[in-house]
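# Architecture at a glance
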Amino acid sequence: HILPRSYNKKFTLTEKDHNALRDRLGNLTILSDSEQQDVGAKDPLNKIPSYKKSEYKITKEIECTSKNGWDNECIEQRQDALSKTAAAIWSIPNI
């Protein structure tokens, strides 16, 4: 989870928004055990420098341009990008 599973009042999201977003595909990524220990439950934007060093391309590419931190906008953008990548990889040609 980029946005940690546990709510923290320091995050810019309300608890309701946090609960609605935390398990969305755009909020998930792949990490090794050591990478997970490094980022833990930090604020999502504080995790991004660690993600850039990840051994996984999908994790290295995580970005957020929202002024409000890792929010619905960032999660939606990432989810859209992931769905386009998945469609390109697993597309079925027209027969």
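The following refers to the structure shown. Please read all numbers here as calculations on a predicted model, not as lab measurements.

Regarding its fold elements, the chain presents five helices and zero strands. Taken from the N to the C terminus, the helices and strands of the chain come in the order α-α-α-α-α. Summarising its shape, the C-alpha atoms of the chain cover approximately 50 × 30 × 20 Å along the three principal directions. Buried residues in the chain amount to 33% of all 95 residues. Across the chain, the fraction of contacts at a sequence separation of at least 24, relative to all contacts at a separation of at least 6, is 51%. Within the structure as shown, the chain displays about 6600 Å² of accessible surface, and the carbon and sulfur contribution to it stands at 51%.

For the rest of this paragraph, the subject is the state of the cysteines. Evaluation of the coordinates by the stated rule reveals one disulfide. The disulfide that involves C64 links it to C74, with 1.9 Å between the sulfurs. Note on the C64 and C74 pair: the S-S dihedral is about 50°, so by sign convention the disulfide is right-handed. One end of the pair, C64, is in the loop between α4 (57-60) and α5 (72-89); the other, C74, is in helix α5, and ten residues separate them in sequence.

Another aspect to go through is the pattern of salt bridges. For the structure on display, the rule yields four salt bridges. Put simply, D23 and R22 hold a salt bridge, and the shortest N to O gap is 3.7 Å. In this structure, the salt-bridge partner of K57 is E61, at a minimum N-O distance of 3.8 Å.

Within the largest apolar cluster, 14 residues are counted, with the highest numbers of intra-cluster contacts made by L3, Y51, I62 and W70. Counting only elements with at least two residues in this core, the list comes to α3 (44-51) and α5.

What counts and what doesn't
- Residues numbered from 1 in each chain as written.
- Predicted model: local features only at pLDDT ≥ 70, side-chain atom pairs only at ≥ 80, totals over all residues.
- Heavy atoms only, no water.
- Helix = DSSP H or I, 4+ residues; strand = E, 2+ residues; numbered from the N terminus.
- Buried < 20%, exposed > 50% of the residue type's maximum accessible area, 1.4 Å probe, protein only.
- Contact = heavy atoms within 4.5 Å.
- Areas by Shrake-Rupley, 256 points an atom, 1.4 Å probe, with all protein chains shown as cover.
- Disulfide = S-S within 2.5 Å.
- Salt bridge = Lys/Arg side-chain N within 4 Å of Asp/Glu carboxyl O.
- Core = buried A, V, L, I, M, F, W, Y, C linked by side-chain atoms within 4.5 Å.

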